[in-house]
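Structural characterization, general
Here is what each chain is made of, one letter per residue.
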Amino acid sequence: AVALAALLLLSFAGVTSAADAFTFEQAQDHFNPENMETFAQRYWTDDTYSSDSTSNLAVPQLFIAPALDFAPTAALGQWAASTGALLVELEVRYCGESLPADQFTAAGLSYQSIEQHLADVLEFREKFSYVLYPDYSASQWIVVGEYEEANTATWSREKNPNGFAGAVSVAAPLQAKMSFYEYQQVFAAYGDYYVPGCSAVIHNATAATEFVMDQSDATQQDQLKASFGCTDVPDNTQFYYVVAQIIEYGLSYFPEEVCQNMTAVSAEADASGNDDGVLVEGYGDVISKLLEASGLPDCAKWDLAFDTSTQAGNASADYRPSFYLLCTQFGQFETAGPNGPNVIVSTSLTPQWYLSICEELFGFAFIPDTAATNLEYGGREPWGSNYAFVSSVTNPFKDLFVNGTELEGSIFINLVTADSFFTFLSGLNVEGEVLEARQEVAAVIEQWLAVSSSPTPTATPSPSAFVSMTPDGSASEPGSFDDGDGIPWGWVFVAIFCASLAAMMLLAIVAIVTVYRTPR
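Here goes a summary of the coordinates provided. (Residues numbered from 1 in each chain as written. Predicted model: local features only at pLDDT ≥ 70, side-chain atom pairs only at ≥ 80, totals over all residues. Heavy atoms only, no water.)

The next thing to look at is the overall build of the chain. From N to C terminus, the chain includes 17 helices and ten strands. For the chain, the proportion of its 520 residues judged to be buried stands at 52%. Within the chain, residue pairs in contact and separated by at least 24 positions form 70% of the contacts whose partners lie at least 6 positions apart. Split by element, the accessible area of the chain, about 23,000 Å² in all, is 56% carbon and sulfur. (Helix = DSSP H or I, 4+ residues; strand = E, 2+ residues; numbered from the N terminus. Buried < 20%, exposed > 50% of the residue type's maximum accessible area, 1.4 Å probe, protein only. Contact = heavy atoms within 4.5 Å. Areas by Shrake-Rupley, 256 points an atom, 1.4 Å probe, with all protein chains shown as cover.)

Here it is in structure tokens:
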């Protein structure tokens, strides 16, 4: 095949196996022309399904697993097989080994923004097509993402429609907002689905835990935390945050077991005369068992404020780049919201508490400009065309995502399934509604590719220098305005523009002199 031959000819960067990673030099800062620093950004490709060089499926990813993502029965493998596309997976900045800075301090994370991510994808698309693999210079690109990178996929299409023929956006938290209390409501509803009244029981246990904590001295508080399996979270609100994360994890993976156990604990407490001590002890036992089941029995590993290491590559620093984006642009803080009988997390989890953690981790106070983010990108109502929006009833970010679309060439799918929304892309050998939804997306991708012309990507604001390309795809000298036929039309237009500008300046001078000489 043409694509395979081209890949094999490029010894400095070529791959026919999803197991091999390659790198290219990415700009550290796309918006400062004085900053010429670069970093090595990793990518993977797989041409197993590629029948020609006319289409690519590009996947910016936070969780890199190309062997799984490119599997024949995963969504990407199925879509590539139906379209004959090359698969390309890009490791996003501040993830894995693609690091613009080696310190995750506020200074080191100053290159972490929505805009830098979008520029990364566009720059990669340009370099891939025109420098690394010129046989793909006429390829149409579809960008695919889930969760955080579904934002990148959506906005890459929105902001650069010439560079990307369409976007598949799975569970994207598109809307910036300070208090994202709807997050815990999804888990509460999930528990009630399996065992009616489960969320009310967890609410009562959470309130009882806070009450007992408030009535206890420091030693008793430490003992209470130890009964939950948490011996290394000294701050009380951070402890409540950890408990919230663990119970939500339990409701995601073991909803029936968690709710049955909590219902039994509640019944025991009622039999003891509404004894808060019994309720808290039983709740602590459930949390302890979930900690063990998770494979992360150390409570501190669940603590938002535990990400105190600033060294890139340190496991305790992994979440810092994502949290930095929340602190600066998104908000989306997982709060309790208005208190009520079905709120399953502590009411201490407020936007103000999260902002205090932003300040604690990064050294100065943040207030994310959520209004500016929504104004720039559209929030839950992105504009443009050619989107496949995929959500599910189990998507905890559904209240930040679109809930339907009338955009041209676009579809919205809401899966009614008990499976995690991550199953949609990476699940193997899926059946039923998930498989049908994948087939629906495959059909719309084929429509995009059928009607889209070969794109010319919009130039990125990166200071990186590129060889100029003539319309036939061949390289011309930098600065050349040759149209390919030997006539320097570019310079003709420049000459006309300059002559026009000179004429306007002359008129302006005459007008100024006339005004100056007019008696006042």
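In this section: empty space enclosed by the protein. For the structure shown, the criterion picks out six cavities of 30 Å³ or more. What the largest cavity holds in volume is close to 80 Å³. Lining the largest cavity we find Thr206, Thr209, Glu210, Phe228, Phe239, Tyr240, Val243, Ala244, Tyr283, Ile344, Val345 and Ser346. Going through the elements one at a time, α7 (198-214) and α9 (236-253) are the ones with two or more residues in the lining of the largest cavity. No other element matches α9, which puts four residues into the lining of the largest cavity. (1 Å grid on protein atoms, 1.4 Å probe; cavity = no way out; pocket = protein on both sides within 12 Å on 5 of 7 lines; lining within 4 Å. Points joined across faces, edges and corners; volume = space filled by probe spheres on them.)

As a further point, take the nonpolar core. Among the nonpolar cores identified, the biggest contains 135 residues, and Trp79, Val168, Phe323, Phe424 and Val441 are the most heavily contacted of them. Of the residues forming this core, the biggest block, ten residues, is contributed by α9. In contact with Phe424, other than residues within four places in its own chain, are Ala75, Trp79, Val170, Val390, Leu415, Val434, Ala437, Arg438 and Val441. (Core = buried A, V, L, I, M, F, W, Y, C linked by side-chain atoms within 4.5 Å.)

Moving on, we get to the packing of aromatic side chains. This structure, assessed with the given rule, holds 40 aromatic pairs. Centroid distance Tyr324 to Phe362: 5.3 Å. Interplanar angle 85°. Geometry classified as edge-to-face. Of the two residues, Tyr324 is situated in helix α12 (residues 320-330) and Phe362 in helix α13 (residues 351-362); the sequence distance between them amounts to 38 residues. On the accessibility criterion, Tyr324 (9% relative accessible area) is buried. Site record: aromatic cluster; members linked through ring pairs are Tyr241, Tyr319, Phe323, Tyr324, Phe333, Trp353, Tyr354, Phe362, Phe364 and Phe366. (Phe/Tyr/Trp six-rings, centres within 6.5 Å; stacked < 30°, edge-to-face > 60°.)

Moving on, we come to the pattern of salt bridges. Taken as a whole and judged by the stated rule, the model has seven salt bridges. Residues Lys127 and Glu123 are paired through a salt bridge, measuring 3.9 Å at the closest nitrogen-oxygen approach. Residue Lys127 and its partner Glu123 are both found in helix α4 (residues 114-132); the two are separated by four residues, about one turn of the helix. Neither Lys127 nor Glu123 differs from the other in exposure class; each is buried. Its salt-bridge partner being Asp285, residue Lys289 comes within 3.3 Å of it at the nearest N-O pair. Of this pair, Lys289 and Asp285 are both found in helix α11 (residues 276-294), four residues apart, which corresponds to roughly one turn of the helix. The exposure class assigned to Lys289 is exposed, which follows from its relative accessible area of 52%. Relative accessible area serves as the criterion here: at 37%, Asp285 is assigned to the partly exposed category. Shared partners join several salt bridges into a network, and the residues in it are Arg42, Glu91 and Glu97. (Salt bridge = Lys/Arg side-chain N within 4 Å of Asp/Glu carboxyl O.)

So, about the pairing of strand β6 (residues 166-170). Counting buried positions over the five residues of β6 gives five, a clear majority of the element. Here β6 shows no split at all, with Gly166, Val168 and Val170 on one side and Ala167 and Ser169 on the other all buried. Inspection of the sheet shows strand β5 (residues 140-146) paired to β6 by five bridges, in the parallel sense. If you follow Val144 over to β6, its bridge partner there is Val168. Bridge analysis of β6 against strand β9 (residues 387-392) gives four bridges, and the strand direction is parallel. By the bridge assignment for β9, Val170 is matched with Val390. (Pairing = 2+ DSSP bridges.)

This brings us to the packing of α9 against helix α10 (residues 255-271). Where α9 contacts α10, the two axes come as close as 5 Å, and the packing angle between them is 120°. The angle between α9 and α10 falls in the class oblique. Together, Ile247, Gly250, Leu251, Ser252 and Tyr253 of α9 and Pro255, Val258 and Cys259 of α10 make up the contact between the two elements. Broken down by class, the residue content of the contact of α9 with α10 amounts to six nonpolar, two polar and no charged. (Axes fitted to C-alpha atoms, helices over the stretch in contact; angles between N-to-C directions. Parallel < 35°, antiparallel > 145°, perpendicular 65-115°, else oblique. Nonpolar A, V, L, I, M, F, W, Y, C, P; charged D, E, K, R; others polar.)

What follows concerns the state of the cysteines. Two cysteines joined by a covalent bond between their sulfur atoms form a disulfide. Here the structure, examined in full by the defined rule, presents three disulfides. Note on cysteine connectivity: Cys198 is disulfide-linked to Cys259, with sulfurs 2.1 Å apart. Between Cys198 and Cys259 the disulfide shows an S-S torsion of about -80°. By sign, it is left-handed. Highlighted residues: Cys198 in helix α7 and Cys259 in helix α10, separated in sequence by 61 residues. Grouping residues by exposure puts Cys198 and Cys259 together as buried. With its sulfur 2.0 Å from that of its partner, Cys327 forms a disulfide with Cys358. With the S-S dihedral at roughly -85°, the linkage between Cys327 and Cys358 falls on the left-handed side. Taken together, the positions of Cys327 in helix α12 and Cys358 in helix α13 put the pair 31 residues apart, joining distant regions of the chain. Accessibility expressed as a relative area gives 0% for Cys327, which makes it buried. Sequential numbering of the bridged cysteines in the chain gives the disulfide pattern 1-3, 2-4, 5-6. (Disulfide = S-S within 2.5 Å.)

Before going further, it helps to examine the sheet that holds β5. If you trace the eight strands from one edge of the open sheet to the other, you get β1-β2-β4-β3-β5-β6-β9-β10, paired in mixed fashion. Each edge of the sheet is formed by a strand with only one pairing partner; in this case those strands are β1 (22-27) and β10 (411-415). The average angle at which neighbouring strand axes cross in this sheet is 20°, direction not considered. Packing against the sheet, α4 makes contact with β1, β2 (38-46), β3 (55-61), β4 (86-91) and β5, and its axis sits at approximately 120° to β1.

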